[in-house]
Protein chains: 2
Amino acid sequence: MSSENSETRRRILQATTDLLQEGHGADVRMSDIARRAGITRQAVYLHFANRAELLIAMTFHVDEIKRSNDRLAPSRAARTGTERLDAYVEAWAAYIPEIYPFAKPLMLMGPTDEAARGAWARRMQDMREGCEAAIQALERDRMLSAEHTVDAATDLLWTMMQVENWEHLTQACGWSQAKYVENLKHMARRLFVVDGSVRSAREA
Amino acid sequence: MSSENSETRRRILQATTDLLQEGHGADVRMSDIARRAGITRQAVYLHFANRAELLIAMTFHVDEIKRSNDRLAPSRAARTGTERLDAYVEAWAAYIPEIYPFAKPLMLMGPTDEAARGAWARRMQDMREGCEAAIQALERDRMLSAEHTVDAATDLLWTMMQVENWEHLTQACGWSQAKYVENLKHMARRLFVVDGSVRSAREA
DNA sequence: CCTTCACTTGACACAGTGTCAATTGACATG
DNA sequence: CATGTCAATTGACACTGTGTCAAGTGAAGG
């Protein structure tokens, strides 16, 4: 396995993201990637120990391109807890469809690959922290619904925002992205904000 | 493939459910099943065309044992819409952990096997009908929150009750079954019942 | 006795991942 | 120019699990 910055290594990562971006499915094979990168299948293993490691590295590669960290930051600027909750839900919800094609292979590997499962779990754990921060901001403002502890509310919000739910609503239910975002925001407010104050319920 | 009622066929199905029940993991192999049934791996294919078909048949076998249809029925007896919603959520929530070991292999095959995906989708579609009936009962009582159409409310309830969310809450979040049920019921009421009338928020 | 039928035995094909040894070709350095 | 290094190639093979096939066995039953 060569050093972190190798031209070929970058080519492999780029080939992987390109294939996923183009919708060739989350079951991209090592040989597909190699061909796209213009090298041999075996040569891929000179740079990545196995498929899981390659896919994990690919997600970091995507992070850089998408400036992922900057995406969730704006919610931190929110003044009130309610604003923060809204902003966070909105930011994450808007982020899902962008990263979905790249996240999916990792999700798919989870059941069989320990490393892949761990990598995905870590990302989701990070996302949980955003949920917790939003809930804590509500609590600080005394706006957290009395029915939930911070922990329980965080777990519920975290669960609602799972990629699988986005998948289900947009695919099985055929919802538009806008409808998804609107409803998620609405649910979060209704469930976690004291008194369930909800501005309006637009149809999306 | 021999006729539907063959002693061996039953033995294979029983072997499969036994293995899953005992927690040998949702990745049971054809050879594991064959050994457990006391026959050859190849002989399994005398009764089932492939792994997907076997697993699908296994779920029907489990349906019979668990009298699945009877489980969701009680909610139909509910007088008010609110009672029906409660009853349905509770019945399904209680049902999940029982069927989970048998459902999981099918869920796992979904991404790669058309037939498995279809079989699972059909089951979930049935479950959706229960959701819709509950929401419609609310609507009839003029108790459906004005924020949602029947369709949207059904989709949301349906999504909330997905097995993946139960998995996430009980596994990733470490929730007890009781806590899961309590919170799901609470959410459903809060989200869909006009005025969000909620009795109490016990900690489970 | 002979057939039928379920099952066994032993073999093989196929995909996809991962590994290995020998080789090539470029580039760099003495 | 000779030599060594290093990335990549070539061709092969192992492994796992699914699914298939042909020939053989053994018991039940007309």
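Residues numbered from 1 in each chain as written. Chains lettered and ligands numbered in written order. Predicted model: local features only at pLDDT ≥ 70, side-chain atom pairs only at ≥ 80, totals over all residues. Heavy atoms only, no water.

J.: I'm lost on the protein's contact with DNA strand C in this one. Help?
T.: DNA strand C sits among 15 residues. The nearest are Arg41 and Arg51 of chain A together with Thr8, Thr40 and His47 of chain B. What you see for DNA strand C is that sugar and phosphate hold 54% of its atoms within 4 Å of the protein. Arg29 of chain A places a side-chain nitrogen or oxygen 3.2 Å from a phosphate oxygen of DNA strand C. Contact distances for DNA strand C include 3.0 Å between a base oxygen and a side-chain N or O atom of Gln42 of chain B. Put simply, the parts of the chain that give the surface near DNA strand C at least two residues each are α3 (41-44) of chain A together with α3 (41-44) of chain B. The greatest single-element share of the surface near DNA strand C, amounting to three residues, is contributed by α3 of chain B. Across the surface near DNA strand C, the residue classes break down as five nonpolar, six polar and four charged. (Near = heavy atom within 4 Å. Polar contact = N/O pair within 3.5 Å; in protein donor to acceptor, adjacent residues only side chain to side chain. Helix = DSSP H or I, 4+ residues; strand = E, 2+ residues; numbered from the N terminus. Nonpolar A, V, L, I, M, F, W, Y, C, P; charged D, E, K, R; others polar.)

J.: It is not clear to me how the protein's contact with DNA strand D should be interpreted in this structure. Could you clarify?
T.: Taken together, 15 residues surround DNA strand D, and among them Thr8, Thr40 and His47 of chain A together with Arg41 and Arg51 of chain B come closest. Within 4 Å of the protein, atoms of DNA strand D come from sugar and phosphate in 53% of cases. With respect to DNA strand D, the side chain of Arg29 of chain B contributes an N or O atom lying 3.1 Å from a phosphate oxygen. Separating a phosphate oxygen of DNA strand D from a side-chain N or O atom of Tyr45 of chain B is a distance of 3.2 Å. For the surface near DNA strand D, the leading source of residues is α3 of chain A, giving three residues. Looking at the surface near DNA strand D residue by residue, the classes come out as five nonpolar, six polar and four charged.

J.: Teacher, can you tell me more about the nonpolar core here?
T.: Across soluble globular proteins, nonpolar side chains show a tendency to be buried alongside one another. Core analysis: the biggest nonpolar cluster contains 132 residues, and Phe192 of chain A together with Phe192 of chain B have the highest contact counts within it. Setting aside anything within four residues of it in sequence, one finds Phe192 of chain B in contact with Ile135, Leu138, Met143, Leu144, Ser145, His148, Ala153, Leu156, Leu157 and Met160 of chain B. (Core = buried A, V, L, I, M, F, W, Y, C linked by side-chain atoms within 4.5 Å. Buried < 20%, exposed > 50% of the residue type's maximum accessible area, 1.4 Å probe, protein only. Contact = heavy atoms within 4.5 Å.)

J.: I keep staring at the packing of helix α1 (residues 7-21) of chain A against helix α6 (residues 81-109) of chain A and nothing clicks. Help me out?
T.: In helix packing, the relevant descriptors are the interaxial angle and the interaxial distance, both defined with respect to the helix axes. Residue and element names in this part refer to chain A. Contact geometry for α1 and α6: axes closest at 9 Å, N-to-C directions at 105°. The pairing of α1 with α6 is recorded here as roughly perpendicular in orientation. Residues Thr17, Leu20 and Gln21 of α1 form the contact with α6, whose own contacting residues are Pro101, Phe102 and Pro105. A class-by-class count of the residues in the contact of α1 with α6 yields four nonpolar, two polar and no charged. (Axes fitted to C-alpha atoms, helices over the stretch in contact; angles between N-to-C directions. Parallel < 35°, antiparallel > 145°, perpendicular 65-115°, else oblique.)

J.: How do you make sense of the relation of the copies chain A and chain B when you look at a structure like this?
T.: Superposition of the two copies of the chain requires a rotation about an axis together with a shift along that axis. Mapping chain A onto chain B calls for a screw motion: a turn of 180° about the axis and a shift of 0.0 Å along it, with 0.0 Å RMSD after fitting. Seen this way, the second copy is the image of the first under a two-fold rotation axis. Mapped onto chain B, 100% of the interface residues of chain A again fall at the interface, so both copies present the same surface. (Least-squares fit on C-alpha atoms with pLDDT ≥ 70 in both.)

J.: Honestly, the environment of Tyr45 of chain A in this entry has me stumped. Any pointers?
T.: All names here are of chain A. Tracing the backbone shows Tyr45 in the loop between α3 and α4 (51-66). Overall, the relative accessible area of 36% leaves Tyr45 in the partly exposed class. Put simply, Tyr45 and Arg67 are 22 residues apart on the chain and 28 Å apart in space, counted from C-alpha to C-alpha. For Tyr45, the contacting residues outside a window of four places in its chain are Met30 and Asn50.

J.: Sorry, what's going on with the side chain of Thr170 of chain A here?
T.: All names here are of chain A. Mapping Thr170 onto the fold places it in helix α9 (residues 163-172). Taking the relative accessible area as the measure of exposure, Thr170 reaches 17% and is therefore buried. At 2.8 Å, the side chain of Thr170 and the backbone oxygen of Trp166 are in polar contact.

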